[in-house]
2 protein chains.
Amino acid sequence: MTKISDVLTVQNKPKAEAFLDQISGKKPLFILTIATTETAKISGISAAGKFPEFTDYTPPADAELLLLGKCIKGVPVTPDGIPTPALITMSALHVADIPVLVASGGLRVKPQIPFLDLGGSPGRDIRTGNAVDNVEEVIERATVAGEHLAKNADYLVIGESIPGGTTTALGVLSAMGVKADGKVSSSMPDNPHDLKIEAVKSGLIAAGIGFGDLAENPVKAVSCLGDPMMPAFAGLVVGAASQVPILMAGGTQMTAVLAVVKALNPDVLCNVAVGTTRWVANDRSSDLKGIVAQIADVPILAADLDFGASRFEGLRAYEKGIVKEGVGAGGASIAAMAEFEGAVTKDLLLKEIERNYALLMATK
Amino acid sequence: MTKISDVLTVQNKPKAEAFLDQISGKKPLFILTIATTETAKISGISAAGKFPEFTDYTPPADAELLLLGKCIKGVPVTPDGIPTPALITMSALHVADIPVLVASGGLRVKPQIPFLDLGGSPGRDIRTGNAVDNVEEVIERATVAGEHLAKNADYLVIGESIPGGTTTALGVLSAMGVKADGKVSSSMPDNPHDLKIEAVKSGLIAAGIGFGDLAENPVKAVSCLGDPMMPAFAGLVVGAASQVPILMAGGTQMTAVLAVVKALNPDVLCNVAVGTTRWVANDRSSDLKGIVAQIADVPILAADLDFGASRFEGLRAYEKGIVKEGVGAGGASIAAMAEFEGAVTKDLLLKEIERNYALLMATK
């Protein structure tokens with residue numbers, strides 16, 4: 001059994017260790033699924049971007065950062081000047097020379113980099129009860145992509161960037177009968193649970209459905225109350241997981257994808273783990289473990305990242321519960337640590353993150 | 001030295017054998033670069049599709065066939081009912097379980113499958129002298145994609161589907177000072193060299209350039225007289241070839257891409273080979289070897305495919321010089337043969353091709 005001390009086994013310890021053992025010394029492909037939803041523009045919901053309209057630019061900017069090591073139109077920061085978690089992801093992937101593919105589930109603003117078009121459209125506000133078009137088609141296309149992409153890589157790490165994504169996650173979980181009120185995470189230190197619950201309630205009413213009505217209908221759940229990242233992400237998992245292990249890289253948003261995957265094809269769940277950060281795993285304002293436990297017996301791993309000793313205030317802020325996760329930061333860190341069987345430590349990662357932070361801030 | 005008897009070494013025998021040895025037993029990623037150009041609609045130029053407008057649908061249909069094993073809107077056939085070479089490619093990739101990624105250089109009709117968007121637009125008629133937009137940007141994006149895609153695969157096989165592509169190849173070769181009049185191939189048994197030469201002459205005049213004026217300016221050569229497949233393909237080669245071997249899968253169209261790659265970064269050519277079919281290698285109405293020899297000392301391999309004994313007339317037609325190559329058919333066949341170190345023979349491939357042909361014709 002490989003010991004990778006800076007990866008925490010958060011839930012289902014034996015399976016988590018077995019998964020970690022399986023990916024140790026292996027080279028993954030990292031796929032970033034990006035999309036936008038008008039849900040992110042509900043006042044107070046999301047911290048991604050300085051202004052609501054900026055949420056359209058955050059996913060493309062995150063994708064550009066991963067592929068190019070720079071953003072074409074400046075680095076995405078929170079209102080307090082704290083950098084996107086893509087900085088962590090980029091640093092981890094760079095250290096381990098892990099390749100990146102960007103897949104779009106539906107965007108208002110296209111990234112200025114190569115990206116996989118899965119035939120989706122940007123998402124509407126979930127309060128309409130009619131949030132996402134083409135869900136079935138995007139799932140099908142993403143499944144085909146996942147089948148092919150799994151053939152060259154040892155395993156896949158799949159992350160997401162979509163502002164407003166925990167609200168849409170709550171929407172889909174509620175429609176599918178998973179209790180997640182007060183349990184989804186937030187990129188802000190004060191998690192606006194009430195706003196999210198309110199938005200989901202409006203969406204359920206508008207769609208004419210009640211809690212759990214769509215437990216067996218993931219396509220409709222996403223169509224009514226989800227976001228366009230979900231069909232892209234879920235399809236990739238369904239297509240690839242019969243061939244290779246999949247690390248679903250994210251926080252509580254992963255639970256909605258997990259619920260969708262389970263409803264589409266429960267057989268693939270045995271090859272799936274959730275990989276997140278310590279900040280999500282230890283977050284008192286959300287409950288990743290509690291949501292996952294309602295859905296499936298999949299392991300949860302967390303990168304034991306700690307920015308407390310960073311020389312940059314913008315990074316130390318992560319210890320105050322700001323940002324926490326996103327752009328597959330936790331999963332990418334786990335993958336980098338696993339590839340070198342522990343030789344890439346959290347300290348080494350922090351040094352690389354600080355180096356890239358300094359470079360990015362200098363060119364901002 | 002691995003002996004793979006059904007792969008012919010057509011040019012630069014020692015290098016060709018070394019390349020074949022390098023890819024033997026290895027698993028590639030096959031990338032199909034697709035695009036459209038109005039040049040294909042010049043009367044008499046192209047046989048791809050029953051009517052000129054059909055040329056917009058051929059590349060998406062080819063891509064669908066590779067990814068799905070079926071076409072969403074029928075199988076692309078020549079005016080005589082002879083199947084697209086994508087049938088060969090699909091069969092070879094299927095036998096060897098080689099994954100496919102489709103990359104668009106610029107299309108009028110989008111395929112109904114996942115595809116990599118490289119930011120390009122459909123091409124104009126080269127007689128305008130202003131054939132392709134965004135060439136530099138597409139090259140840059142494709143280079144980034146190539147860098148990442150090379151990290152998981154043992155090597156890349158890159159093919160193309162673009163009707164009218166030998167005419168645009170002649171255009172770029174002429175602008176860059178490579179003598180190719182009467183040397184580019186055709187999918188028709190009677191190669192319409194005069195029509196191609198005439199179109200290129202008009203394009204050169206419209207662009208205000210003479211033969212060889214753009215030898216050092218590949219971006220302008222493609223912009224004036226090329227097609228949108230070229231910047232996508234060339235960028236992928238430039239990005240990937242510093243890391244892994246590249247089999248450029250195609251006939252005389254590959255020479256234009258080779259000239260562009262050489263002008264962008266000659267250092268990568270040492271990791272490149274051209275892989276085609278026996279039908280192109282032995283074609284008396286074109287001269288692949290003669291064009292390549294003017295550009296670079298890269299090896300040429302050919303799959304020794306022979307459909308003479310096929311039970312289907314539509315396949316036997318290939319022996320009369322119809323179609324000959326396309327959609328990376330030759331390169332995909334070579335890759336399948338190499339992966340199993342000769343155990344996949346041309347006879348086995350023909351059986352698989354016949355099986356798929358029968359299936360496709362039954363559902364047509």
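Thresholds, definitions, all that
Residues numbered from 1 in each chain as written. Chains lettered and ligands numbered in written order. Predicted model: local features only at pLDDT ≥ 70, side-chain atom pairs only at ≥ 80, totals over all residues. Heavy atoms only, no water. Contact = heavy atoms within 4.5 Å. Buried area = accessible area lost by both parts, 1.4 Å probe. Salt bridge = Lys/Arg side-chain N within 4 Å of Asp/Glu carboxyl O. Polar contact = N/O pair within 3.5 Å; in protein donor to acceptor, adjacent residues only side chain to side chain. Helix = DSSP H or I, 4+ residues; strand = E, 2+ residues; numbered from the N terminus. Nonpolar A, V, L, I, M, F, W, Y, C, P; charged D, E, K, R; others polar. Pairing = 2+ DSSP bridges. Buried < 20%, exposed > 50% of the residue type's maximum accessible area, 1.4 Å probe, protein only. Least-squares fit on C-alpha atoms with pLDDT ≥ 70 in both.

Next up on the list: the interface of chain B and chain A. At the interface, 28 residues of chain B touch 28 residues of chain A. Counting each side, the surface lost to burial between chain B and chain A is near 2300 Å², with a carbon and sulfur contribution of 59%. Interface area lost by chain B to chain A is led by B:P114, B:H148 and B:N152, which between them contribute 27%. The interface formed by chain B and chain A holds four salt bridges in total. Linking B:K151 and A:D97 is a salt bridge whose minimum nitrogen-to-oxygen distance equals 2.8 Å. Across the contact surface, chain B and chain A share 10 residue pairs in polar contact (both at pLDDT 80 or more). Residue assignment for the side of chain B that touches chain A shows that the elements contributing at least two residues are β2 (28–35), α2 (58–68), β3 (100–106), β4 (115–117) and α4 (135–149) of chain B. At five residues, the largest contribution of residues to the side of chain B that touches chain A is made by α4(B). Per-class residue counts for the side of chain B that touches chain A are 19 nonpolar, three polar and six charged. Examined bridge by bridge, strand β4 (residues 115–117) of chain A and β4(B) share three bridges and lie antiparallel to one another. Note that in β4(B) the partner of A:L116 across the bridge is B:L116.

Sheet faces and side chains relate simply in a regular strand, where the side chains alternate between the two faces. All names here are of chain B. The buried fraction of strand β5 (residues 155–161) is high, at seven of seven residues. On β5, burial covers both faces: Y155, V157, G159 and S161 on one face and L156, I158 and E160 on the other are all buried. Both β2 and β5 contribute to a ladder of seven bridges, which runs parallel. The residue of β5 that forms the bridge with P28 is Y155. Judged from the three bridges that link them, β5 and strand β6 (residues 246–249) form a sheet pairing that is parallel. Considered in β6, the bridge of L156 is made with I246.

The subject of this paragraph is the relation of the copies chain B and chain A. Superposition record for chain B on chain A: RMSD 0.0 Å, screw rotation 180°, translation along axis 0.0 Å. Between the two chains, the operation in question is that of a two-fold axis. Relative to the rotation axis, the C-alpha of B:L116 is the closest in chain B, positioned 2.1 Å from it. Counting the interface residues of chain B, we find that 100% of their copies in chain A are interface residues as well, pointing to one common contact surface.

Just geometry here; none of it tells us what the structure is for.
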